[in-house]
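# Architecture at a glance
This is what each chain is made of:
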Amino acid sequence: MVLTVDIGNTRIKASVFEGSTALDNFIFEKKELVEKIKNILEKFPNCSDLVVASVGNIEKQAFLTFEKQLKVHFFTHEDVFPFHNKYTTPKTLGIDRMILAAGATLKFPKQNRLVIDAGTCITYDFIDENDNYLGGAISPGLRLRYEAMHNYTARLPLLTLEAPESYIGNSTTQAMHSGVVNGFVYEIDGFIDDYRRDFSNFIIILTGGDADFLAKRLKNTIFANSNFLLESLNQTYQYKIDND
Ligand SMILES: Nc1ncnc2c1ncn2[C@@H]1O[C@H](COP(=O)(O)OP(=O)(O)OP(=O)(O)O)[C@@H](O)[C@H]1O
Ligand SMILES: CC(C)(CO)[C@@H](O)C(=O)NCCC(=O)O
Ligand SMILES: [K+]
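Cut-offs and rules
The residue count restarts for each chain, going from 1 along the sequence in the order it is written. As they are written, the chains are lettered A onward and the ligands numbered 1 onward, keeping that order. Predicted model: local features are reported for residues with pLDDT of at least 70 only, side-chain atom pairs are reported and counted for 80 or more only, and whole-chain, interface and lining totals are derived from all residues. Values reported for side chains reflect all heavy atoms of the structure, with hydrogen atoms and water molecules removed beforehand. Think of a salt bridge as a Lys or Arg side-chain nitrogen and an Asp or Glu carboxyl oxygen that are within 4 Å of each other. Working definition: with a 1.4 Å probe on protein chains only, accessible area under 20% of the residue-type maximum means buried, over 50% means exposed, and in between means partly exposed. Strands here are runs of E lasting at least two residues and helices are runs of H or I lasting at least four, both read from the DSSP assignment and numbered beginning at the N terminus. Take the buried Ala, Val, Leu, Ile, Met, Phe, Trp, Tyr and Cys residues and link them wherever side-chain atoms come within 4.5 Å; each set so joined is a nonpolar core. By definition, residues are in contact when any of their heavy atoms lie within 4.5 Å. Nearness of a residue to a molecule or strand requires only that one of the residue's heavy atoms be within 4 Å of it. We define a polar contact as two N or O atoms separated by no more than 3.5 Å, with the added condition that, inside protein, one atom must be a possible hydrogen donor and the other a possible acceptor, whereas residues neighbouring each other in sequence contribute only through side-chain atom pairs. In these tables, accessible area is a Shrake-Rupley quantity obtained with a 1.4 Å probe, and a residue counts as shielded only by the protein chains included in the view. Any residue with an atom within 4 Å of a point lines the site, the site being either a cavity, points on a 1 Å grid over the protein atoms alone where a 1.4 Å probe fits but cannot get out, or a pocket, an open set with protein on both sides within 12 Å along at least 5 of 7 lines. If over half the atoms of a molecule are within 2 Å of the grid points of a cavity or pocket, the molecule is regarded as sitting in it. Amino acid classes used here: Ala, Val, Leu, Ile, Met, Phe, Trp, Tyr, Cys and Pro are nonpolar; Asp, Glu, Lys and Arg are charged; the rest, including Gly, are polar. Grid points are joined across faces, edges and corners, and a volume is the space filled by probe spheres set on the points. All domain edges in this entry derive from an automatic or database-based domain assignment. Between the N-to-C directions of two axes lies an angle of 0 to 180 degrees, each axis being a line fitted to C-alpha atoms and, for a helix, fitted only over the stretch in contact. Roughly parallel means an angle under 35 degrees; roughly antiparallel means over 145; roughly perpendicular covers 65 to 115; every other angle is labelled oblique. Take the far helix as your reference; a near helix turned counterclockwise from it by less than a right angle gives a left-handed crossing, and one turned clockwise gives a right-handed crossing.

## Quick word on the pattern of salt bridges
Scanning the model with the defined rule gives 13 salt bridges in all. In this structure, Lys 13 and Asp 6 form a salt bridge, with 3.7 Å as the shortest nitrogen-oxygen distance. Under the relative-accessibility criterion, Asp 6 is labelled buried at 7%. In this structure, Asp 194 engages Arg 197 in a salt bridge whose closest nitrogen and oxygen atoms are separated by 3.2 Å. You can see Asp 194 and its partner Arg 197 sitting in helix H4 (residues 172-198), three residues apart, about one turn around the helix. Owing to a relative accessible area of 34%, Asp 194 belongs among the partly exposed residues under this scheme. On the basis of relative accessible area, Arg 197 is assigned to the exposed category, the value being 60%. Sharing partners across several salt bridges, the network here consists of Asp 79, Lys 240 and Asp 244.

Structure below.
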């Protein structure tokens, strides 16, 4: 059994895998990290490996205490990945994006793939059919858009994500929901049109905390899987074991 842990910029997600099947999923705050992992390992004492991808400010040392209990692997740029990295600044590429790209490459072989992760930030990652990772885009996530508008203006309230009634927002709150949600939908559809122009065929994977909310609002049908990062972490770890 493998315990996978995704440390994002907002919260931590974890899944326990038996082979490729996720047995249980967890979401928790950064300050609860050690305690929650202890609880998970008590519930699943057969976990033999702990695999971590962190883009937050939590480093490898935080997992030191578990090393006497099981094998700990903290993914870095030094690991083997199943794609050719064409990013011109490979060392600054987020490890979460590398894991998503690895998962897409392994799960959908020999085709163009676009991964969209709607989390704290929205990331777009494109891996072509020859397994070249080309890059993509980074933009503010839905919650960040609401928070930024509130924090940097005097009169905009702090709203929580809600479906707009129309693209014509007829009140302050409706105008803000329209701007955030429709703006994002137009953004994705616009990016997809760009990729369509240059690549005839590709699959799209939508993941992250806002994936389910967004999936049903897009013009393009998209396969949404909010657990894709953790599944990819498990799969990339198997790839690493087989290729090291
Ligand atoms: N309890 C919650 N706390 C924070 N965000 C939430 C929560 N529930 C849903 N969300 C949505 O999830 C989005 C954040 O996504 P996610 O949880 O994947 O981010 P994250 O943990 O920072 O991961 P990453 O850094 O990998 O994007 C927010 O835009 C928000 O709308
Ligand atoms: C973009 C985020 C914040 C998304 O989680 C993360 O992947 C990151 O910190 N990336 C570093 C910059 C880059 O990927 O080019
Ligand atoms: K993200």
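## Here's the deal with the nonpolar core
In terms of nonpolar packing, the biggest core is built from 27 residues, with Leu 114, Ile 116, Tyr 124, Phe 184 and Leu 206 touching the most fellow members. Elements that contribute at least two residues to this core include exactly strand S7 (113-118), strand S8 (121-127), helix H3 (142-151), H4, strand S10 (203-207) and helix H5 (211-215). Setting aside residues up to four positions removed in sequence, Tyr 124 forms contacts with Arg 97, Leu 114, Val 115, Ile 116, Gly 135, Gly 136, Ala 137, Ser 139, Phe 184, Glu 187, Ile 188 and Phe 191.

## Brief notes about the site of ligand 2
Taken together, Asn 9, Tyr 87, Thr 92, Leu 93, Gly 94, Asp 96, Arg 97, Thr 123 and Ile 138 are the residues near ligand 2. Between ligand 2 and the protein, one listed contact pairs an oxygen atom with a side-chain N or O atom of Tyr 87 at 2.6 Å. Thr 92 is positioned such that a nitrogen or oxygen atom in its backbone is 3.4 Å from an oxygen atom of ligand 2. When the free accessible area of ligand 2 is taken as 380 Å², the share hidden by the protein chains comes to 75%. Structurally, ligand 2 is housed in the largest pocket. The class makeup of the residues in the shell around ligand 2 is three nonpolar, four polar and two charged.

## Concerning the site of ligand 1
Residues in close proximity to ligand 1 include Gly 8, Asn 9, Thr 10, Arg 11, Lys 13, Asp 96, Gly 119, Thr 120, Arg 143, Gly 208, Gly 209 and Asp 210, which together make up its full environment. Within the contact set of ligand 1, an oxygen atom lies 2.2 Å away from a side-chain nitrogen or oxygen of Thr 120. One of the backbone N or O atoms of Gly 209 is found 2.9 Å from an oxygen atom in ligand 1. Contact with the protein chains hides 80% of the accessible area of ligand 1, taken as 630 Å² for the molecule alone. Counting atoms within 2 Å of the grid points, the majority share of ligand 1 lands in the largest pocket.

## Some remarks on the layout of surface pockets
Roughly 1,000 Å³ of volume is contained in the largest pocket. Thr 10, Lys 13, Gly 119, Thr 120 and Gly 209 are, among the 42 residues lining the largest pocket, the residues nearest its centre. Looking at the lining of the largest pocket, the elements with two or more residues in it are strand S2 (12-18), strand S3 (21-28), helix H2 (95-107), S8, H3 and helix H6 (228-243). Per-element accounting of the lining of the largest pocket gives the leading share, five residues, to H3. Among the residues forming the lining of the largest pocket, the class breakdown is 16 nonpolar, 16 polar and ten charged. Composition of the lining of the largest pocket by domain shows at least three residues from each of domain 1 (2-74) and domain 2 (84-233).

## Remarks on the packing of H3 against H4
Axis angle and axis distance: for two packed helices, these are the angle between their axes and the distance between the axes, and together they describe the pair. Between H3 and H4, the shortest axis-to-axis distance is 10 Å and the interhelical angle comes to 140 degrees. Here H3 is positioned oblique relative to H4, judged by the angle of their axes. In this structure, H3 meets H4 at a crossing whose hand is right-handed. Across the interface between the two elements, Leu 142, Arg 145, Tyr 146 and Met 149 from H3 touch Met 176, His 177, Val 180, Val 181, Gly 183, Phe 184 and Glu 187 from H4. Grouping the amino acids of the contact of H3 with H4 by side-chain chemistry returns seven nonpolar, two polar and two charged.

Don't take any of this as a statement about function, it's just geometry.
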